[in-house]
Amino acid sequence: MQNELKAEKWYDGISRYQWLVLTIASLGWVFDVFEGQIFVASMNEAMPSLVSPDTTKGQQALYNNIAFGAFLIGGALGGIGFGALSDRIGRKKTMSLTILFYSFFTCLSAFSQDWWQLAGFRFLVALGVGGEWAVASTLVAESFPPKARARVGSIFHASSVLGTYLAILAGAFIIGNESIQEYAKNIGYPSLPWRIGFALGVVPSFLIIWIRRSMKEPESWQHAQETAKQDSSQKMGTIWDLFLPQYSKGTYIGVSLAAIGLATFWGVHIYGKDVFLNAVKADYVTEHFQGQADHSADDTKAYFETISPTLKKWEMLGMFLATTGGGLGLLAFGPICEWFGRRGAFFLFHVGGLISSVVLFQFLDNAVVIGCFLPVFGFLTLGMHAGYAIYFPELYPTRLRGTGTGFCFNAGRMLAAPILFIGGWMQKDWGYTMAQTATILSMLYIIGAILPYFARETKGTALME
């Protein structure tokens, strides 16, 4: 009997409807990530166009980090709020609301006239973004049996790569499109390309139609709702219950893991493409100014403006390489956590994230070498994020699953936000370079490697009712 169970594939017996749930949840997450990454793909164009010409690079870095911080705080509030709402009114209705929220405000971001307006819209976008992940990851966990949960959790979270790819395509072929840039300059509106990129954010709203027509509430949620009506001690979506003795340790561990993962994502992972771009720029400068030892910073800046579309494509290539590695890391987390357990997988990825970050930011300076290393860097710095979709829903019963999953991931966002503000100040006021800042922030991986020692192992267990 045991041999038969071992021989059974994880996908055996999965119904067509269960695959449909995974598809819809993943598509929601794809567009969710696009709404977040379109800012990363366009911030080098968007932020300079929203500030005065005499704004320094350090100030722009601070404004970008404020926008990142606003996004994290908004995601925290949205994830906690919509997560609790999904326990009360259902997964299906809440997912539709979150997608509508982030689609509308990403589109509205295209009309920003000042940097603080864009930062404010990032906050509002994040309310929906944070909520969608909490609801979708809970829905996936509740729809699949224990044998498949880790694998589909990894597939669900790995679909985020497609959202980043969409942002890369928008960055390379819309924001960095020479024809669009030329047209925008001719009509006296040079910021048009990045605004078009944000306007595309309205597209995911059409997914709501499919959700409302195809999906139903999980049976476990319906049963928990009936129980809550009969037993007042089993209320749905009560945040304070996350800190009851039987759940509090898991809550603290989950929040801490998410905080480290999100702080290092926005403070370390996304700058992999910038290390690559800086190396490419150095090669261009060496070739263009060969034999001109006295060229000035203004000369370099003017030269970069003449090749800005080309540089944009190099930047997007760097983002593509890191993202592709990250996607493979997300897919790999599922099998790895089945082999080594949830705790072992978190430990391995955090140690790998630390080593790869130090290597990239401190020891590599050749563009070709960096390009080859970026997939490895992405694999190790992003892979542990799949663990949040796998592990967090396993920590709570059905009546608290959406609330707990959303709280862990998104309270982590809130704790990560001040770290990003510090990162901005390090570059603006304290004289640190981007590479030095990212290296210092990568030390957070050490804490991430220690935390699993105190966590509860959930490999092979059924979800709590």
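These remarks concern the structure in this document. Please read all numbers here as calculations on a predicted model, not as lab measurements.

1. Notes on the overall build of the protein chain
Here is step 1: A tally of helices and strands in the protein chain yields 20 helices and zero strands.
Here is step 2: Its C-alpha atoms give the protein chain a radius of gyration of 22 Å, near enough to 23 Å, the size a compact globule of 465 residues would have.
Here is step 3: Dimensions of the protein chain, computed from the C-alpha atoms along their principal axes, are close to 80 × 45 × 40 Å.
Here is step 4: When burial is assessed residue by residue, the protein chain has 58% of its 465 residues classed as buried.
Here is step 5: In the protein chain, the proportion of contacts linking residues at least 24 apart, taken out of those at least 6 apart, comes to 84%.

2. Thoughts on the packing of helix H2 (residues 16–49) against helix H9 (residues 192–199)
Two measures define how a pair of helices packs: the angle their axes make with one another and the distance between the axes.
Here is step 1: Contact geometry for H2 and H9: axes closest at 9 Å, N-to-C directions at 160 degrees. For the element pair H2 / H9, the angle class is roughly antiparallel. Judged by the twist between their axes, the crossing of H2 over H9 is left-handed. Note on element contacts: H9 touches H2 through Trp194, Gly197 and Phe198, opposite Phe34, Ile38, Phe39, Ser42, Glu45, Ala46 and Ser49.
Here is step 2: Counted by class, the contact of H2 with H9 contains six nonpolar, three polar and one charged residues.

3. Some details on helix H6 (residues 146–158)
Here is step 1: In this model H6 runs 19 Å from its N-terminal to its C-terminal C-alpha over 13 residues, within 8% of the 18 Å that 1.5 Å per residue would give.
Here is step 2: Three or more residues of H6 are buried, namely Ala148, Arg149, Ala150, Val152, Gly153, Ser154, Phe156, His157 and Ala158.
Here is step 3: Of the surrounding secondary structure, the elements contacted by the buried residues of H6 are H2, helix H5 (115–143), helix H7 (160–175), helix H15 (308–363) and helix H17 (386–391).

4. A closer look at the packing of aromatic side chains
Here is step 1: For the coordinates displayed, the defined rule picks out 30 aromatic pairs.
Here is step 2: Ring plane angle 85 degrees and centroid distance 5.3 Å describe the contact between phenylalanine 39 and phenylalanine 68, whose orientation is recorded as edge-to-face. In this pair, phenylalanine 39 is assigned in helix H2 and phenylalanine 68 in helix H3 (residues 57–89), connecting sequence segments 29 residues apart. The pair phenylalanine 39 / phenylalanine 68 is uniform in exposure class, with both members buried.
Here is step 3: Taken together, a centroid distance of 6.1 Å and an interplanar angle of 35 degrees make the contact between tyrosine 303 and phenylalanine 304 tilted. The burial state of tyrosine 303 is the same as that of phenylalanine 304; both residues are buried.
Here is step 4: One aromatic cluster is present, formed by Trp133, Phe333, Phe346, Phe349, Phe379, Tyr388, Tyr391, Phe392 and Phe409 through successive ring pairs.
Here is step 5: Lying over the aromatic face of tyrosine 17, lysine 216 brings its terminal NZ or CZ to 4.8 Å of the ring centre.
Here is step 6: In this structure, lysine 281 packs its charged tip against the face of phenylalanine 304, placed 5.1 Å from the ring centre.

5. Re the side chain of threonine 251
Here is step 1: Note on placement: threonine 251 falls in helix H12 (residues 245–267).
Here is step 2: Take threonine 251: its relative accessible area is 0%, and that puts it in the buried class.
Here is step 3: Of the polar contacts made by the side chain of threonine 251, one reaches the side chain of tyrosine 396; its length is 2.6 Å.
Here is step 4: With residues near it in sequence (within four places) discarded, threonine 251 still touches Leu242, Phe243, Tyr396, Phe407 and Cys408.

6. A short note on the nonpolar core
Here is step 1: Phe68, Trp133, Phe156, Trp266, Phe333, Phe361 and Phe392 are the most contacted members of the largest nonpolar core, which has 123 residues in total.
Here is step 2: The contact partners of phenylalanine 333, leaving out residues within four places of it in the chain, are Ser154, Arg342, Ala345, Phe346, Phe349, Gly383, Met384, Ala386, Gly387 and Ile390.
Here is step 3: Formed by seven residues, the second largest nonpolar core is a distinct cluster that contains Leu277, Val285, Phe304 and Ile307.

7. Quick look at the packing of helix H4 (residues 91–109) against H9
Here is step 1: Remark: H4 packs on H9, axes separated minimally by 7 Å, with the N-to-C direction vectors making an angle of 170 degrees. Relative to H9, the element H4 is oriented roughly antiparallel. Contacts from Thr106, Cys107 and Ser109 of H4 reach H9 at Trp194, Phe198 and Ala199.
Here is step 2: Its residues placed into classes, the contact of H4 with H9 shows four nonpolar, two polar and no charged.

8. Looking at the pattern of salt bridges
Here is step 1: Tallied over the full model, the rule gives 11 salt bridges.
Here is step 2: Note that arginine 149 and glutamate 394 form a salt bridge whose closest N and O atoms lie 3.0 Å from each other. Note that arginine 149 is positioned in helix H6 and glutamate 394 in the loop between H17 and helix H18 (398–428), a separation of 245 residues in sequence.
Here is step 3: Residue class for glutamate 394 comes out buried when judged on its relative accessible area of 4%.
Here is step 4: Across the salt bridge formed by arginine 342 and glutamate 394, the nearest N and O atoms sit 2.7 Å from each other. Here glutamate 394 lies in the loop between H17 and H18 and arginine 342 lies in helix H15, a separation of 52 residues in the sequence.
Here is step 5: Several salt bridges converge on common partners, so that one network encompasses Glu45, Lys273, Asp274, Lys312 and Glu315.

9. Re the state of the cysteines
Here is step 1: Under the defined criterion, the tally for this structure stands at zero disulfides.
Here is step 2: With no disulfide of its own, cysteine 337 has cysteine 408 as its nearest cysteine by sulfur position, at a separation of 16 Å.

10. Observations concerning helix H10 (residues 207–214)
Here is step 1: The complete set of buried residues in H10 reads Leu207, Ile208 and Ile211. Within H10, the buried residues cover an arc of 100 degrees as seen down the axis, which keeps them to one side. Away from the buried face of H10 by more than 90 degrees, exposed residues Ile209 and Arg213 are located.
Here is step 2: Residues of H10 that are buried in the fold lie against H2 and H4.

11. What to know about a nonpolar patch on the surface
Here is step 1: A surface patch of nonpolar side chains, amounting to about 500 Å² of accessible area, comprises Ile196, Leu200, Val202, Val203, Phe206 and Ile209.
Here is step 2: Positionally, isoleucine 196 belongs in helix H9.

Definitions and limits used
- Residues numbered from 1 in each chain as written.
- Predicted model: local features only at pLDDT ≥ 70, side-chain atom pairs only at ≥ 80, totals over all residues.
- Heavy atoms only, no water.
- Helix = DSSP H or I, 4+ residues; strand = E, 2+ residues; numbered from the N terminus.
- Rg over C-alpha atoms; globule rule 2.2 N^0.38 Å.
- Buried < 20%, exposed > 50% of the residue type's maximum accessible area, 1.4 Å probe, protein only.
- Contact = heavy atoms within 4.5 Å.
- Axes fitted to C-alpha atoms, helices over the stretch in contact; angles between N-to-C directions.
- Parallel < 35°, antiparallel > 145°, perpendicular 65-115°, else oblique.
- Left-handed = near helix turned anticlockwise from the far one by under 90°.
- Nonpolar A, V, L, I, M, F, W, Y, C, P; charged D, E, K, R; others polar.
- Expected span 1.5 Å × (residues − 1).
- Phe/Tyr/Trp six-rings, centres within 6.5 Å; stacked < 30°, edge-to-face > 60°.
- Lys NZ or Arg CZ within 6 Å of the ring centre and 35° of its normal.
- Polar contact = N/O pair within 3.5 Å; in protein donor to acceptor, adjacent residues only side chain to side chain.
- Core = buried A, V, L, I, M, F, W, Y, C linked by side-chain atoms within 4.5 Å.
- Salt bridge = Lys/Arg side-chain N within 4 Å of Asp/Glu carboxyl O.
- Disulfide = S-S within 2.5 Å.
- Arc of directions from axis to C-beta.
- Patch = residues over 30% accessible without salt bridge, like charges linked within 9 Å, V, L, I, M, F, W, Y side chains within 5 Å.
- Areas by Shrake-Rupley, 256 points an atom, 1.4 Å probe, with all protein chains shown as cover.

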